[in-house]
Amino acid sequence: MGSRRDAASRAAADDGVSSLYAVHWAPMVRLAWLFVHDDLLAEEIAQEAFVSLHRKWDDVTGASGAAYLRQCVVNGARSALRHHKVEQRYLDSIRPEQRRLSAVSAEDAAVAAVGSADLFGRLQSLPARQREVLVLRYYLDLSEAQIADALGIAPGSVKAHAHRGLAALRTQMEARP
């Protein structure tokens, strides 16, 4: 009897995740990319979110599936960024002659040439939480409650981070030459 229930549960998870995948794959990859700026890493983060959703399908159902995916993507991106900082600290600690030469990627060069690169660069100068709130609000058009759920913070904190982030961007844009 238990194996039938397990098979039925797996089938339900397969069907549910497949449906969400069809709708949310591209938006989750774009969301991850906004944080990590790496196509392959963004796809990996989104993939891990869907795998995690499949594992937790019995606990996460219905409309909360998309919210769970967003939370997984944000947390995965945070983790990747922390890892990148650790790598960068290590590279900064070694002697220059031991470092590998690094070339600017074609993607980075293309992004730098785009007219919105100025705003994008200024967005990157914001503290992480403000940047996360603004990306979720203005890129994914999420409500304050959805953002609070995705980031694991209170809705009032979402409002405060959004206000401070927009004020900082406004100040930077007004001061630009």
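Residues numbered from 1 in each chain as written. Predicted model: local features only at pLDDT ≥ 70, side-chain atom pairs only at ≥ 80, totals over all residues. Heavy atoms only, no water.

> Just to check I follow, could you spell out the packing of aromatic side chains for this structure?
Geometrically, a pair of aromatic rings is defined through the distance of the ring centres and the angle of the planes. Taken as a whole and assessed by the stated rule, the structure comprises three aromatic pairs. Ring plane angle 45° and centroid distance 6.0 Å describe the contact between Trp-25 and Phe-50, whose orientation is recorded as tilted. With Trp-25 in helix α1 (residues 2–36) and Phe-50 in helix α2 (residues 39–55), this residue pair connects regions lying 25 residues apart in the sequence. For Trp-25, a relative accessible area of 23% gives the class partly exposed. Taking relative accessible area as the criterion, Phe-50 reaches 5% and is therefore assigned buried. Pairwise contacts between aromatic rings join Tyr-21, Trp-25 and Phe-50 into one cluster. Over the ring of Tyr-138 we find Arg-137, and its NZ or CZ is 5.7 Å from the ring centre. (Phe/Tyr/Trp six-rings, centres within 6.5 Å; stacked < 30°, edge-to-face > 60°. Helix = DSSP H or I, 4+ residues; strand = E, 2+ residues; numbered from the N terminus. Buried < 20%, exposed > 50% of the residue type's maximum accessible area, 1.4 Å probe, protein only. Lys NZ or Arg CZ within 6 Å of the ring centre and 35° of its normal.)

> How do you make sense of the nonpolar core when you look at a structure like this?
Of all hydrophobic cores here, the largest spans 41 residues; its most connected members are Leu-53 and Leu-136. Elements that contribute at least two residues to this core include exactly α1, α2, α3 (64–93), α5 (117–124), α6 (128–138), α7 (144–151) and α8 (155–175). Here the element with the most residues in this core is α1; it accounts for 10 residues. For Leu-136, the contacting residues outside a window of four places in its chain are Leu-31, Val-74, Asp-141, Leu-142, Ile-147, Ala-150 and Leu-151. (Core = buried A, V, L, I, M, F, W, Y, C linked by side-chain atoms within 4.5 Å. Contact = heavy atoms within 4.5 Å.)

> It is not clear to me how the packing of α6 against α8 should be interpreted in this structure. Could you clarify?
Helix packing geometry: the angle between the two helix axes and the distance between the axes. Two elements in contact, α6 and α8, have axes separated by 8 Å at closest approach and are oriented at 95°. For the element pair α6 / α8, the angle class is roughly perpendicular. Along its contact with α6, which presents Arg-129, Gln-130, Val-133, Leu-134 and Tyr-138, the element α8 presents Val-158, His-161, Ala-162, Arg-164, Gly-165, Leu-166 and Leu-169. Broken down by class, the residue content of the contact of α6 with α8 amounts to seven nonpolar, three polar and two charged. (Axes fitted to C-alpha atoms, helices over the stretch in contact; angles between N-to-C directions. Parallel < 35°, antiparallel > 145°, perpendicular 65-115°, else oblique. Nonpolar A, V, L, I, M, F, W, Y, C, P; charged D, E, K, R; others polar.)

> Looking at this structure, how should I read the packing of α3 against α7?
At a minimum axis distance of 8 Å, the contact between α3 and α7 shows a crossing angle of 50°. By the criterion of interaxial angle, the relationship of α3 to α7 is oblique. Between α3 and α7 lies a crossing whose hand is right-handed. Taken together, the residues of α7 that come into contact with α3 (itself represented by Ala-67, Arg-70, Gln-71, Val-74 and Arg-78) are Gln-146, Asp-149, Ala-150 and Leu-151. (Left-handed = near helix turned anticlockwise from the far one by under 90°.)

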